[in-house]
Amino acid sequence: MPVRPTKESGLTAVACTDCRKQHLKCDAKRPSCSRCLQNGLLCQYIPSRRGGPRRSRRKPDSAHPSATPRQSIPSIPADEIQPAFPNAIPDLSMQTDPQVLTPTNTSFSRRITSDGFPDPSNDGTPWLGMLPPSGYIPGDFSNKSTAENDDRLRRLYYENFHAAHPILVPSRLYGDQNYPPCLQMVVCFIGSHYTSSGRTNEYKTRVIHELGAHPERSTTAVQAWLLYAIVLNARTEAEEAQAALTQAIDLALQLGMNRSGFASSSHAECSVEAESMRRTWWELCITEIHISIALKTLNFRCSSLSPEVALPCEETLYNVGNDIPTPSAMLDFRRRILAADDPIFSSFSYRLDAAMILCRVIVLNRIPDCHGDQIQAAENALVSWVNHLPAKKLDIVDAYGNVDEMMFQAHLTIGYASMLLHLPRSDLQPVLERPEKSQFWPGAACQLLSTSTRLVHSIKAIEASRQVSDSISVCPNILKHSPFIIPALSLCGMIQLATTSVHSDECFDHHCNRVNLILGCLKSARRTWELAESTYQSLRSSAADLMSASIERCQWNAAPLNQLMPSELASADPSRPGSSAMDGQDLMVTDLPPMFFDRTCFNASFFTAVPDLNLL
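The sections below set out a description of the structure shown in this document. Please read these numbers as outputs of a predicted model, since none were measured by experiment.

**Here we look at the side chain of T413**
Now for step 1: Inspection of the secondary structure assignment puts T413 in helix α14 (residues 405-422).
Now for step 2: The residues contacting T413, other than those within four sequence positions of it, are A354, A355 and L358.

Written as structure tokens, this is what we have:
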């Protein structure tokens, strides 16, 4: 019988089980309400109990001779039960055995086969929900009672992951794209990592099912495989990530996404869809470089091709999505150093250029005996990248606290490339027990350099690690950044840890604080990414072995403030007579109590072109 809405609110008097558990409005349509139909869920209704016998509210009187304990309502034969709603589907979420279903209304009892579908050979009332909803996986019943619907997972994807890898359309345009189920499931799979439900493996199984059922060649399939590869790499599933990335690159090359006219041929050149295609291709190049570090391979299929695809626009313009400017060419970007003025390109362009420099450093580290000029050329590229940055791109945070994620990744990539270039040629010793098994510590250079040259490389490696730690201290919410920055943070912490054994105890606290910063960031990220868990444990164990004795030694050497001599206190106070602070000069750090101020390693360096981040 039809359900009539109430006069006051227009709402129905019943709701399906999924809407009821989420406390959402339900239109009670049959056989599926609008919300369950939109989300691909199995809509179910609990049979109404109205009109049945009421239980007595009178408590049994123990003094009465006929008083007996309250008995449960006896079961009624199945053929005498008339469901309140003919199209109702029983609630299966409370069953413990997925093979045999025994709902409250026994007329709906059916046996489930090994494939997860009802057995038609079983006698009884026909199963009204025999056809599974779209996206249904055999044997998976968890999607019927979950509170994490696709809308919430998509929102988590855009809030935490999209800014770091912005290849899909902005969130407000997501619903208009009609993305295939395989890409939508990858988005939900990524969003599930930012919840505490622990259902990421379940969503991964569904992703594999959808990708296998989507064999056609399309740009959306390229995006699905690409995003899937990025997440697999962060889950320390390197071989699966490489296979997924290979699948994405194969499809992209077959479609011709590396050609200059591909985006404009399928969409308008200044449309959001064409911009998404350009971003997808360049993200393939960047991802290929980062994944090659984990696998220690040199198979750069995308990066070695001629750069025909135009460069992406600024993130602010892309997120608005209305007026996409005419894209710039890579040749114009490379000619910027010869321009009379100071042209400004998008932050994505500088991030891409930094990734290309990182690729050059990786190749140099794999060559057994590279020439000194080749090393110097890579160093010149690192320094030139910073010197040719416009003043607008030097800062990664604006006056309102908004982080330019693309420039943040670009600066970290340059620092990471500098560490990889100088560390193997320096005097710094590995801090891990088995450095040859280290995933991120580069191997030693085969060419034996002079003592002075190794010293310069050590200073530059330490300076690069300092810049990386300074950048992450400005934006410490690592879950908002790409998981590709985890190797850079790990190497930064290991360099600072190795420096403690080279420098004196006077600057021990300086390097110890930087190691603590990196450990804290990795500790926060390990709840989401397995890659952060493994790097955190290796860095923590190394720090426990190398820093424990130094911490104890520095603690005994530091004198408390109440034990300082009056002359020392007077010298630390510039307002007192005899203070060491001269007219117009700042108080020296060496005159301050050591319990409150750490001694710095050095104030300035001639070996870096990266400006300090002035936060004052």
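**Brief notes about the packing of aromatic side chains**
The description of an aromatic ring pair rests on the distance of the ring centres and on the angle between the ring planes.
Now for step 1: Within the structure shown, the criterion is met by 9 aromatic pairs.
Now for step 2: Summarising the aromatic geometry, the rings of Y157 and F161 are spaced 5.7 Å apart at their centres and angled 35° between planes, so their arrangement reads as tilted.
Now for step 3: You can call Y157 buried: its relative accessible area is 0%.
Now for step 4: With a centroid separation of 5.9 Å and an interplanar angle of 80°, the aromatic rings of Y158 and Y174 are classed as edge-to-face. In this pair, Y158 sits in helix α3 (residues 150-160) while Y174 sits in the loop between α3 and α4 (181-191), placing the two residues 16 residues apart along the sequence. For the pair Y158 and Y174, a shared accessibility class is recorded, and that class is buried.
Now for step 5: Joined through ring pairs, the aromatic side chains of Y157, Y158, F161, Y174 and Y179 make up one cluster.
Now for step 6: The ring of F333 is capped by R336, whose NZ or CZ atom sits 4.0 Å from the centre of that ring.

**Quick look at the pattern of salt bridges**
Now for step 1: Taken as a whole, this structure holds 20 salt bridges when the rule is applied.
Now for step 2: Salt-bridge contacts for R154 lead to D151; the nearest nitrogen and oxygen are separated by 2.2 Å. Of this pair, R154 and D151 both sit in helix α3, 3 residues apart, which is roughly one turn of that helix.
Now for step 3: Among the residues examined, D151 registers a relative accessible area of 37% and is labelled partly exposed.
Now for step 4: Between R466 and D470 there is a salt bridge; the shortest N-O distance is 3.5 Å.

**Some points on a nonpolar patch on the surface**
Now for step 1: On the surface, L298, V363 and I367 cluster together into a nonpolar patch covering about 210 Å² of accessible area.
Now for step 2: Positionally, L298 belongs in the loop between α9 (272-295) and α10 (315-320).
Now for step 3: The exposure class of L298 is partly exposed, given its relative accessible area of 44%.

Procedures and definitions
- Residues numbered from 1 in each chain as written.
- Predicted model: local features only at pLDDT ≥ 70, side-chain atom pairs only at ≥ 80, totals over all residues.
- Heavy atoms only, no water.
- Helix = DSSP H or I, 4+ residues; strand = E, 2+ residues; numbered from the N terminus.
- Contact = heavy atoms within 4.5 Å.
- Phe/Tyr/Trp six-rings, centres within 6.5 Å; stacked < 30°, edge-to-face > 60°.
- Buried < 20%, exposed > 50% of the residue type's maximum accessible area, 1.4 Å probe, protein only.
- Lys NZ or Arg CZ within 6 Å of the ring centre and 35° of its normal.
- Salt bridge = Lys/Arg side-chain N within 4 Å of Asp/Glu carboxyl O.
- Patch = residues over 30% accessible without salt bridge, like charges linked within 9 Å, V, L, I, M, F, W, Y side chains within 5 Å.
- Areas by Shrake-Rupley, 256 points an atom, 1.4 Å probe, with all protein chains shown as cover.

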